[in-house]
Amino acid sequence: MTQIRQAVAQWLAGQTGVPAVEGRSPVQEYPLLTVEAEQTGSTLVDGGRQVERRYTVTVTAAAGRDREDSAALLSGLVPALLGGIPMDDRVLHPMEVSTEGDRLAFTLCLCQALPQREDGQQDGPGLMEHLHFTI
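Here is a short report on the structure shown in this document. (Residues numbered from 1 in each chain as written. Predicted model: local features only at pLDDT ≥ 70, side-chain atom pairs only at ≥ 80, totals over all residues. Heavy atoms only, no water.)

Some points on the sheet that holds strand β2 (residues 32-45)
Phase 1 of the analysis: Strand order in the open sheet made by the 5 strands is β1-β2-β3-β7-β6, with mixed pairing throughout. The strands lining the two open edges of the sheet, one partner per strand, are β1 (20-22) and β6 (95-100). Geometrically, the sheet is characterised by an average inter-axis angle of 30° between neighbouring strands, direction not taken into account.
Phase 2 of the analysis: Relative to strand β7 (residues 103-113), strand β3 (residues 50-62) runs antiparallel, the two being bridged by 11 bridges. Residue pairing across strands places T56 opposite T107, the latter belonging to β7. (Pairing = 2+ DSSP bridges. Helix = DSSP H or I, 4+ residues; strand = E, 2+ residues; numbered from the N terminus. Axes fitted to C-alpha atoms, helices over the stretch in contact; angles between N-to-C directions.)

Listed below in structure tokens is the structure:
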């Protein structure tokens, strides 16, 4: 999750020119964007060799101490999000983008390979080679 928060915060700062931080910031610098992420689910894919993890990312905007005009700060991000957020050697594509007040929320899915067991065997089922139908 830390890697996702860092990637989103760096991308936001680059797109908007507004400082973006991970989590809550003790710094009272305005304008400011804060990025929080939490894992909302996992699904095994590819016969148990990979896991797809889903994260909900929340971006909170603070244009000033009274938080007026914070929604305007976020409004320009929605079209830019559709192009994806670079993270290392991949691009994350946000899904289910929504805004409410001074918050922007979206979902990210990240597939990662699971480590193999020490004996070289796979933990999940093998690939199915033949399908048998009874009609």
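Once the structure has been displayed, the description carries forward.
Let's talk about unusual backbone geometry
Phase 1 of the analysis: One non-glycine residue, D88, lies in positive phi territory at about 55°.
Phase 2 of the analysis: One non-glycine residue, E96, lies in positive phi territory at about 50°.
Phase 3 of the analysis: Relative to the helices and strands, E96 is located in strand β6.
Phase 4 of the analysis: For E96, a relative accessible area of 65% corresponds to the exposed category. (Buried < 20%, exposed > 50% of the residue type's maximum accessible area, 1.4 Å probe, protein only.)

None of this, on its own, says anything about what the molecule does.
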